[in-house]
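Structural characterization, general
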Amino acid sequence: MNDIQNSPSHPPVPPRFDDEIDLIDLGLALWHRRVLILVFLVLGLLSGVLAAQLQDAEKKMSAVVLVGHDVNQGEQIPVASTKTASSLLNTSLLPANARKHDDLLNPDDLKIQAKAGESAMVTIAGPVNSETFPALSETVRDAVSGLAAAIDNPLRSRVDSIESSVRQLELELESLMDRDRIEQERKKIEQEITNKENKLANREDDQAYLESEIGRLERMIELQTARAAEIADHLDELRDDVKAISVSTSTEAMTAMLLGNQIQSYRNDLNRANQQITVQFNEARTKMAKAERDQVELQTEKTQAKLELKKFDREVERQTQTLQAQLNEKRGLLQNIQFTSLLNEPQMRVESGHGVVLFAALGLVLGGFVGLFAALMANFISAARERLHGEHEVEE
């Protein structure tokens with residue numbers, strides 16, 4: 001009875017809780033659980049990395065083929081398109097060479113394939129394993145050799161033509177730069193100059209002689225002129241003697257005739273002497289003029305020979321530079337030509353199945369979700385405990 005009397009007149013009312021979610025309170029609650037969330041993030045990241053490492057590694061083979069080409073003004077001109085080259089490799093060359101290793105490879109179902117690229121490149125790639133890699137590598141090498149034999153014939157013809165031109169130019173350059181030949185040519189021209197100089201010296205001697213001869217003839221003309229004056233005086237005396245003789249007797253007539261003959265003889269001697277001296281003088285003048293012309297011609301020839309010597313040196317240098325430039329051009333053309341070949345040997349590389357980064361990202365996301373879930377569950381459990389504790393205190 002006393003317990004009933006002491007009990008309250010109304011039943012106890014439990015504390016009321018608000019069922020609405022307050023985002024601020026939720027954020028604060030998650031912030032208080034940040035260590036827990038961070039722990040799950042780290043665990044998720046480590047789990048993703050570990051899962052990536054545990055994945056089975058995939059082995060792949062790759063090789064790059066350079067299609068034969070020429071370069072014209074900086075532009076590559078392939079002997080065949082990369083599509084044509086890759087088609088030949090896939091349809092015939094790779095399967096045909098794989099039959100050499102039919103104990104390891106299936107020619108009808110090769111895993112490696114050629115793919116056309118840019119800049120005269122073809123990539124051969126596909127999955128391999130340690131057992132098939134040597135056989136596939138040899139198959140790729142043989143297939144590339146077959147591709148070169150099939151498409152590089154125009155390039156080989158061009159190379160043969162250029163190499164023939166290079167050999168011809170090298171022979172011409174070697175002949176042109178032959179020191180013995182150059183020295184012989186120079187000596188020949190120098191000898192010609194020496195001969196011209198000797199002839200000039202002889203012409204100068206002849207000219208000096210002719211000058212002295214002309215001087216002598218001029219002195220003879222002077223003497224002959226004096227002699228002619230004497231003869232003229234003597235003739236005048238003889239005429240006077242003839243006039244003084246009386247031709248009354250035969251003796252006197254003979255004397256007059258003899259004097260007349262002597263006068264005529266003197267005249268004839270004078271005329272002959274004058275003619276002879278005139279001829280000699282004219283001949284000397286003619287020889288002198290000829291000697292002067294010869295001297296001018298020889299001087300001109302000597303000058304031309306010296307110019308020829310300089311021209312020879314310049315011509316040898318010019319021809320050497322021209323041949324060297326042509327030779328460099330041809331060699332440059334040879335360097336521009338590339339035959340079909342393996343740009344790099346077949347290589348085997350190991351690749352992870354999906355990549356470490358992908359697994360790490362997935363693990364991080366999953367860890368984040370688990371961490372958030374754990375934080376929310378911890379907050380829920382804490383709130384439930386507080387509610388139960390409140391109800392227990394009310395009951396008491």
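Just so it is clear, the structure is predicted and the values come from calculations on it, not from any experiment. (Residues numbered from 1 in each chain as written. Predicted model: local features only at pLDDT ≥ 70, side-chain atom pairs only at ≥ 80, totals over all residues. Heavy atoms only, no water.)

**Remarks on the overall build of the protein chain**
- Within the protein chain one finds nine helices and six strands.
- Relative to its 396 residues, the protein chain shows a buried fraction of 27%.
- A sequence separation of at least 24 residues applies to 85% of the contacts in the protein chain between residues at least 6 apart. (Helix = DSSP H or I, 4+ residues; strand = E, 2+ residues; numbered from the N terminus. Buried < 20%, exposed > 50% of the residue type's maximum accessible area, 1.4 Å probe, protein only. Contact = heavy atoms within 4.5 Å.)

**Quick word on the nonpolar core**
- Ranked by internal contacts, the top residues of the largest apolar core, which has 28 residues, are Leu89, Ile112 and Val140.
- Of all the secondary-structure elements, those providing two or more residues to this core are strand S1 (58-66), helix H4 (82-98), strand S5 (121-127) and helix H5 (133-151).
- It is H5 that provides the largest number of residues to this core, a total of eight residues.
- With residues up to four places along the chain from it excluded, the contact list for Leu89 reads Leu94, Pro95, Ala114, Val122, Ile124, Ala143 and Leu147.
- Ranked by size, the runner-up nonpolar core spans 10 residues in total, among them Ile162, Val166, Leu173 and Leu327. (Core = buried A, V, L, I, M, F, W, Y, C linked by side-chain atoms within 4.5 Å.)

**Details of the packing of H5 against helix H6 (residues 153-176)**
- Orientation of H5 relative to H6, taken along the N-to-C sense of each, is 65°, at an axis distance of 5 Å. Regarding the angle of H5 to H6, the classification is roughly perpendicular. Here Ala148, Ala149 and Ile151 of H5 lie close against H6, whose contacting residues are Asn153, Pro154 and Arg156. (Axes fitted to C-alpha atoms, helices over the stretch in contact; angles between N-to-C directions. Parallel < 35°, antiparallel > 145°, perpendicular 65-115°, else oblique.)

**Some details on the confidence of the model for the protein chain**
- When pLDDT is averaged along the protein chain, the result is 78, and 84% of the positions lie at 70 or above.
- Counting interchain partners and residues more than four positions distant, the pLDDT-below-50 stretch residues 1-19 has four contacts. (pLDDT = per-residue confidence, 0-100.)

**Digging into the environment of Glu283**
- Looking at the element boundaries, Glu283 is found in helix H8 (residues 250-336).
- Residue Glu283 is classed as partly exposed on the basis of its relative accessible area of 46%.
- Along the sequence, Glu283 and Leu210 sit 73 residues apart, while their C-alpha atoms lie 9.8 Å from each other.

**Focus on H6**
- With 24 residues, H6 extends 34 Å between its outermost C-alpha atoms, agreeing within 8% with the 34 Å of an ideal straight helix rising 1.5 Å per residue.
- Taken residue by residue, H6 has Leu155, Val159, Ile162, Val166, Leu169, Leu173 and Leu176 as its buried positions. (Expected span 1.5 Å × (residues − 1).)

**Section: the side chain of His101**
- Tracing the chain through its elements places His101 in the loop between H4 and strand S4 (113-116).
- A relative accessible area of 12% means that His101 is categorised as buried.
- Look past the residues within four positions of His101 in its chain and what remains in contact with it is Ala135, Glu138 and Thr139.

**Structural notes on the pattern of salt bridges**
- Taken as a whole, this structure holds five salt bridges when the rule is applied.
- The partner of Asp70 in a salt bridge is Arg158, and the shortest N-O contact between them spans 3.0 Å. Here Asp70 is found in strand S2 (residues 69-72), whereas its partner Arg158 is found in helix H6, with 88 residues between them in sequence.
- Look at Asp70 and you get buried, because its relative accessible area is 14%.
- By relative accessible area, Arg158 is classed as partly exposed at 36%. (Salt bridge = Lys/Arg side-chain N within 4 Å of Asp/Glu carboxyl O.)

**Some details on the environment of Leu270**
- Relative to the elements of secondary structure, Leu270 occurs in helix H8.
- On the basis of relative accessibility, which here comes to 16%, the residue Leu270 falls in the buried class.
- As a C-alpha pair, Leu270 and Ile231 span 39 residues in sequence and 7.9 Å in three-dimensional space.
- In contact with Leu270, other than residues within four places in its own chain, are Gln224, Ala228 and Ile231.

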